[in-house]
Amino acid sequence: MKNIFCAYDFSDAGNNALQHACKLADYFNANITIVYIYNIPVPVTEFGYIDVGDEVIRRSAEKDLEALKTKLISEHPHINSVNYIVETGLVAYKLNKLAKSKNCDLLVMGIDNEKNFIKEHVLGSTSIDEAREFKVPVLIVPKTAESKKLRSIAFASDYKHTAENSTSLIQVKFYATIFNAPLSVVHVLEPDHSMDMSEAMKDKFIEKKLENTEHKTFLVYEKNAADGIVEFVKAHDIDLIIVEPYHRNFFDRLFHKSTTKELAFHLSKPILAIHGE
């Protein structure tokens, strides 16, 4: 892992996400790039619209980010380099474009309550379909999540979408290995569900792929996928949750308004979204 990006907005949630990103960059001796993307405000008065000025906002942000860069270099001596990018436009679109062009290995984002970075800028205004277009892993960090050594990782799996040509298991093995943390593979199934032959074969495939990785497999029976994950994480003291955002199902259920709050604040655990295809 060489290049870590952190979406930043000067908020408490953004600062916590940045601390997580810096700890990772420190650990891997990686480069970190702070990405600040803003929209130009258009204040309305009795005299009409007022042009605030793009350059004023940009210069102010760059001044603050330069000071932050100096501070981070001092606090994290093992980070290879600290850089920042200031852009204007749609957050999800710009982040995706920058991540692709700058060879980003991991994108870190912060969330804060129901009105949070992900819900407001990615899942809300730019739509959930745009969020799925990220091809790099995305680490979603709640404002209250502690930055500490990972002792346990859970991978929320889905028998319907675990395919032999997917790279998701390779990525899961990679993260379990680099963090030297035991892995829990969690399958969330509908209540009273009975495994069919196809699911049994996929389970065998998963076990074969993970045979050299310390792990345990768990079946959780719950109608709501996120509720099942929440209960499992609480019961097993999980430090990191890995999910794969499939089209129109698991990601939608996981980031439903009520379960987002449960995951982000009741659990206060980082969530790593990977893309296996």
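That block above? That's the structure.
Residues numbered from 1 in each chain as written. Predicted model: local features only at pLDDT ≥ 70, side-chain atom pairs only at ≥ 80, totals over all residues. Heavy atoms only, no water.

### Quick notes on the sheet that holds strand β11 (residues 240-243)
Alright, step 1. Pairing is mixed across the open sheet formed by 10 strands, whose spatial order is β5-β2-β1-β6-β7-β12-β11-β8-β9-β10. Strands with a single pairing partner mark the edges of an open sheet, and in this sheet they are β5 (81-88) and β10 (215-221). Within this sheet the neighbouring strands show an average axis-to-axis angle of 25°, counted without direction.
Alright, step 2. With five bridges joining them, strand β6 (residues 106-111) and strand β7 (residues 138-142) adopt parallel strand pairing. Within β7, the position partnered with Ile-111 by the bridge is Pro-142.
Alright, step 3. Docked against the sheet, helix α1 (residues 12-28) engages β1 (3-7), β2 (31-38), β6 and β7, running at close to 150° with respect to β6. (Pairing = 2+ DSSP bridges. Helix = DSSP H or I, 4+ residues; strand = E, 2+ residues; numbered from the N terminus. Axes fitted to C-alpha atoms, helices over the stretch in contact; angles between N-to-C directions. Contact = heavy atoms within 4.5 Å.)

### Details of the pattern of salt bridges
Where charged atoms of side chains with opposite charge meet at close range, the side chains can pair.
Alright, step 1. Tallied over the full model, the rule gives eight salt bridges.
Alright, step 2. Of the charged contacts in the structure, one is a salt bridge between Lys-71 and Glu-75, with a shortest N-O distance of 2.9 Å. Residue Lys-71 and its partner Glu-75 are located together in helix α2 (residues 54-75), separated by four residues, close to a single helical turn.
Alright, step 3. Residue Glu-75 is classed as partly exposed on the basis of its relative accessible area of 38%.
Alright, step 4. Measuring nitrogen to oxygen at the nearest pair gives 3.9 Å for the salt bridge that ties Lys-269 to Asp-239. Within this pair, whereas Lys-269 is found in the loop between α10 (257-267) and β12 (271-273), its partner Asp-239 is found in the loop between α8 (225-236) and β11, the two being separated by 30 residues in sequence. For the residue pair Lys-269 and Asp-239, the accessibility class agrees, reading buried in each case.
Alright, step 5. Salt bridges sharing common partners tie together Lys-148, Arg-151, Asp-237, Asp-239 and Lys-269. (Salt bridge = Lys/Arg side-chain N within 4 Å of Asp/Glu carboxyl O. Buried < 20%, exposed > 50% of the residue type's maximum accessible area, 1.4 Å probe, protein only.)

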